[in-house]
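Examining the three-dimensional arrangement
What follows is the residue order along each chain.
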Amino acid sequence: MGGAAMAGSEEGLYSRQLYVLGGGARRLAGARVLVSGLRGTGAQVAAALVLAGTGRVVLHDRGTACTTDRAQQFLLGESDVGQNRAEVSQRVLAELNPRVVVAAHTGELSEAFLASFQVVVLTESPLEEQLRIGDFCHDRGICFIVADTKGLAGQLFCDFGKRFVVDEPAEGDPVCAVVQDISQGNPGVVTYMGTEDSRGNLFCDGDLVTFSGVEGMTELNDREPIPVRVLDAFKLEIGDTSSFSPYRRGGLVSQVWLPQEHSYEPLRQALVDPKIQVMNPKELPRSCSLHAAFQALHAFREERGHLPRPRVSVDAERVLELARSLGAQQGPLDEDVVRAFASVSAGDLCPMAAVLGAMAAQEVLKAITGKFLPLDQWLYFDALECLELEGAERLTEEDCAPRGSRYDGQIAVFGADFQEQLGHQKYFVVGAGAIGCELLKNFAMMGLAAGPGGDLTVTDMDTVALSNLHRQLLYRTADISKPKSVVAAAAVRRMNPSVRVMAHQNQVGPATELLYGDDFFRHLDGVASALDTLEARAYLESRCFRCHTPLLDSGTEGPRGNVLPMVPSLTEPLRPGDMSRDGTFPLCTLRYFPRTIQHTLQWARDEFEGLFQLPAEHVNRFMEDPAFLDQLPAGLEALEVLEQVQGSLRERPRDWQDCLLWARRRWQSCYHDNIAQLLHNCPPEHETSPGVPFWSGDKSCPHPLTFDPDNDTHLDYILAAAHLFAQAHKVPPCSDRAAVQAILRNVVLPPFMPQDELRIPLTEEQEEAQAPVDSGRLAELTQDLVQRRQELVGGEEVQVPLMEPIHFEKDDNIHVDFITAASNLRAENYGIPPADWLTSKRIAGRIMPAIITTTAAVAGLACLEIYKLVWGCRDLSCYRNSHLWLSDCRLLRTHPLPPPVYQYGGQEWSCWDRLEMQAVGADGQEMTVQEVLDWMQVVSEPGGCWGAKAAGAAADLRVRGRRS
């Protein structure tokens with residue numbers, strides 16, 4: 001697909017989401033989803049679906065908004081209290097994405113009404129209603145989801161019917177690897193090459209694979225998918241190959257995903273015989289206890305007409321009795337879990353609603369798109385470790401009783417004093433993108449920095465772009481081109497006018513350390529990182545580590561996310577990720593031996609820069625600066641630059657047809673002549689040594705292409721290349737494909753003539769070894785260019801600057817058209833499967849796949865850790881590192897590691913400990929080197945002056961030093 005077609009669709013807006021959901025995302029526009037219950041969890045589900053572009057979202061709620069809803073329902077304003085929750089939510093969500101039809105329904109959920117939906121989501125529903133609607137949806141093949149949060153626990157249930165087809169069960173794209181060898185045997189063994197960025201096995205036992213381009217053992221090519229067994233990181237068993245021809249060389253082994261059919265039990269059956277998804281079997285008893293606890297909670301509410309009162313032990317004990325009597329649990333009931341759950345089940349927490357709501361929304365997207373495996377069938381999540389905070393057990397019914405405040409749902413869990421402490425916090429949010437928006441939304445609901453002395457600072461250098469709108473909650477179409485931090489801060493004030501929020505538009509880095517220095521960081525209660533690069537995250541971590549400032553580091557990539565808390569003196573310093581992988585490839589691989597589409601796309605990026613950016617920059621400098629030639633570095637680089645300038649001046653087009661001819665010649669050079677020359681130097685039968693073929697292993701033998709004006713990819717390349725060449729030379733372009741085809745049919749190029757003396761470096765060592773510079777050629781070029789500049793400057797038609805340098809921009813369709821066509825043509829040269837337009841844009845533009853569900857869940861998990869930081873928790877066991885995989889609805893929460901402890905000379909310390917020395921006295925005298933050494937000696941002695949004694953020791957030494 002060309003850029004013009006892409007620009008006319010909505011795929012550009014949802015591109016980052018398409019990279020997560022695949023082709024099934026196109027079904028979203030025709031989907032109809034019902035979300036019942038518009039308190040916190042339902043609001044999160046609905047907002048995510050609207051942002052994602054679901055065709056029609058119907059909101060159902062028969063209740064009216066109250067003040068306490070505003071602790072988690074971020075769609076409500078103060079003036080909405082007393083109005084129907086569905087109707088007021090509809091007005092806000094309709095503005096969020098004008099492409100989505102958002103409607104409100106306040107009547108009963110009749111069968112006739114339900115029958116029109118593809119997916120039905122229930123939140124805040126009584127069990128009787130869940131069972132009735134669950135039975136109906138199961139019988140009608142309507143995907144049915146229950147999502148509910150109560151206090152510090154939540155449940156998620158999915159029933160996608162008797163026969164639900166998953167089109168693409170896994171994340172990312174199917175893997176593809178270069179074959180190195182295939183044995184003849186039973187079973188046959190395939191040896192393949194890993195990719196530069198692969199870690200561990202590319203394939204898994206049971207994966208289905210196909211083969212293509214295999215020479216010798218051609219029986220494998222184009223066969224039906226074959227199951228494999230993994231032997232190690234580079235070997236697979238594939239079945240009987242003993243009767244096949246001997247393997248010669250080449251070929252690709254490609255993973256194949258076939259649709260899978262899954263069957264689910266209705267809610268009524270799943271309550272009695274639950275299938276509960278857990279990360280490891282040790283978690284199952286806890287989840288089974290929560291399964292019983294939620295049913296007991298329904299029974300308690302039916303019996304008493306309300307939820308258990310916060311911290312009222314008799315109510316919690318009654319829930320426990322009901323859980324025992326229901327007999328629904330599998331295995332022994334964890335009574336402590338049930339009591340803890342019941343004691344705060346009346347609470348409403350925005351972070352819990354964010355996590356469960358986002359996970360439920362992802363299951364809705366699975367139901368619509370057929371991408372990823374749905375939950376099978378129950379998931380329970382809790383943060384009951386928050387009740388183990390020191391002093392939390394002493395909270396009373398009075399501490400947690402309602403105050404008529406918007407924060408009553410939070411007070412029910414943590415008490416009124418804690419809510420006051422939240423208001424005093426000073427926090428710094430770095431980044432106002434997708435995660436930043438969700439964090440700020442949660443902070444507004446929680447009341448962080450909403451009291452005396454509170455301060456919330458958000459900084460982001462970027463402005464709002466169209467592509468942000470599908471996953472960044474706080475922005476609207478009218479905000480495009482406005483500073484993100486300013487718009488986000490205004491949105492926070494609308495959600496909670498009490499929050500003291502300030503917007504900055506600065507990068508946090510070495511250049512801004514005068515603004516964000518040690519004093520700034522030490523003044524903070526915490527920092528929330530919402531950055532999208534590992535380098536920036538690592539820098540922020542280093543600043544917080546230096547200043548002993550708590551840090552919440554959050555990151556996402558597609559359906560994966562993580563949250564890592566860094567607590568001074570308690571946890572080890574963070575390592576946000578491995579920054580050693582910079583996406584570069586060996587030059588020799590790109591030029592002559594590509595194996596993957598990543599190689600050909602990087603080659604195309606280099607082509608773009610070498611054709612449309614660097615030549616223009618060099619020509620302009622040459623024309624504008626008489627000293628340009630003298631400033632060039634000696635050696636081959638100078639020769640290459642001069643040849644580039646000379647070529648650009650000689651090839652200056654007069655009109656569009658000249659640009660087309662240049663593009664046609666470039667096509668012939670890249671995809672025919674250069675390949676033919678490589679094969680002339682190293683024919684297909686070439687051997688590195690007797691019996692060892694050159695074209696084997698990581699070297700795939702290429703073949704030249706023949707130009708065809710009727711081939712779409714060939715024509716796409718010509719049009720894009722000619723357009724960019726015309727732009728660089730300031731010539732008006734044309735986009736008439738038919739006219740271009742007519743011109744190209746009449747173009748005749750001279751036949752290729754191989755050059756026997758042409759040297760091609762075939763190894764990295766040869767590539768790096770520089771041939772001697774032809775000084776005569778250098779002098780000739782210099783003289784020619786000086787003369788050429790005089791002629792141009794003397795002419796009347798010359799414009800300064802002479803050319804327009806074009807920098808690759810991933811959001812420019814013509815740029816991506818060129819990259820896609822250039823890469824796919826080279827891939828065809830080497831038998832590499834091509835990539836479509838969107839995939840090429842993602843890889844070449846280094847775009848990170850992103851989706852609203854992951855960012856919302858990650859922000860919710862981060863805010864659960866902020867509760868513990870605000871409480872002042874010093875118990876490492878209460879904190880959690882969180883790792884999320886929404887593709888298969890998995891959440892792993894582990895204890896952070898403590899910092900390593902070191903011992904020497906009877907002293908013990910960690911990386912957080914430090915000795916502070918008062919190096920300048922009150923009299924202005926600085927310590928001498930000897931005084932520093934003496935001070936170090938004193939503090940390192942057994943029982944020496946660690947900590948508070950250090951400053952006194954330094955002062956004492958300074959006095960003694962001056963006396964001597």
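Above this note sits the structure.
An account of the accompanying structure is given in this report.

Reading guide: rules and limits
Residues numbered from 1 in each chain as written. Predicted model: local features only at pLDDT ≥ 70, side-chain atom pairs only at ≥ 80, totals over all residues. Heavy atoms only, no water. Core = buried A, V, L, I, M, F, W, Y, C linked by side-chain atoms within 4.5 Å. Buried < 20%, exposed > 50% of the residue type's maximum accessible area, 1.4 Å probe, protein only. Helix = DSSP H or I, 4+ residues; strand = E, 2+ residues; numbered from the N terminus. Contact = heavy atoms within 4.5 Å. Right-handed = clockwise from strand over helix to strand, strands pointing away. Pairing = 2+ DSSP bridges. Axes fitted to C-alpha atoms, helices over the stretch in contact; angles between N-to-C directions. Parallel < 35°, antiparallel > 145°, perpendicular 65-115°, else oblique. Left-handed = near helix turned anticlockwise from the far one by under 90°. Nonpolar A, V, L, I, M, F, W, Y, C, P; charged D, E, K, R; others polar.

1. Section: the nonpolar core
Nonpolar side chains tend to gather and get buried jointly when the protein is soluble and globular. In terms of nonpolar packing, the biggest core is built from 174 residues, with Val120, Leu156 and Phe443 touching the most fellow members. Considering every element that reaches this core, the biggest residue donor is helix H29 (residues 852-871), with 13 residues. Not counting the four nearest positions on each side in its chain, phenylalanine 443 is found in contact with Val429, Leu448, Leu456, Ala528, Cys863 and Ile866. Counting 71 residues, the second largest nonpolar core, distinct from the first, contains Phe628, Leu642, Leu660 and Leu802.

2. Here's the deal with the pairing of strand S17 (residues 426-430)
Counting buried residues in S17 gives four out of five residues, a clear majority hidden from the surface. In terms of handedness, the path from S17 via helix H14 (residues 434-446) over to strand S18 (residues 455-459) forms a crossover that is right-handed. Two strands pair when backbone bridges link them, and S17 and strand S20 (residues 526-529) are joined in this way by four bridges, in the parallel orientation. Among the inter-strand pairings, valine 429 is bridged to a residue of S20, identified as alanine 528.

3. Structural notes on the environment of glutamine 180
Checked against the element boundaries, glutamine 180 lands in strand S8 (residues 176-182). For glutamine 180, a relative accessible area of 32% translates into the label partly exposed. Excluding anything up to four places from it in sequence, glutamine 180 contacts Thr191, Tyr192, Met193, Tyr247, Gly697 and Asp698.

4. Considerations on the packing of helix H22 (residues 656-681) against helix H23 (residues 712-728)
Interaxial distance between H22 and H23 falls to 8 Å at its minimum, and their mutual angle equals 125°. Taken as axis vectors, H22 and H23 run oblique relative to one another. Here H22 runs over H23; the crossing is right-handed. Contact residues: Trp656, Cys659, Leu660, Trp662, Ala663, Arg664, Arg666, Trp667 and Tyr671 in H22; His714, Tyr717, Ile718, Leu719, Ala721, Ala722, His723, Phe725 and Ala726 in H23. The residue inventory of the contact of H22 with H23, partitioned by class, reads 14 nonpolar, two polar and two charged.

5. Topic: the packing of H23 against helix H27 (residues 813-829)
Where H23 contacts H27, the axes come no closer than 8 Å and their chain directions differ by 135°. For the element pair H23 / H27, the angle class is oblique. As H23 runs across H27, the sense of the crossing is left-handed. Of the residues in H27, those touching H23 at Thr713, His714, Asp716, Tyr717, Ala720, Ala721, His723 and Leu724 are Ile814, His815, Asp817, Phe818, Ala821, Ala822, Asn824, Leu825 and Glu828. Residue classes in the contact of H23 with H27 are distributed as nine nonpolar, five polar and three charged.

6. Some points on the sheet that holds strand S6 (residues 153-159)
With respect to topology, seven strands assemble into an open sheet ordered S3-S2-S1-S4-S5-S6-S16, the strand pairing being mixed. Looking at the sheet topology across the chains shown, the edges are occupied by strand S3 (101-105) and strand S16 (378-382). If you compare each strand with its neighbour and ignore which way they point, the axes differ by 15° on average. In this sheet, S3 lies alongside strand S2 (residues 56-60) in parallel orientation, the contact comprising five bridges. Pairing of histidine 60 across the sheet is with histidine 105, part of S3. Against the sheet, helix H4 (residues 85-96) contacts S2 and S3, and its axis sits at roughly 175° relative to S3.

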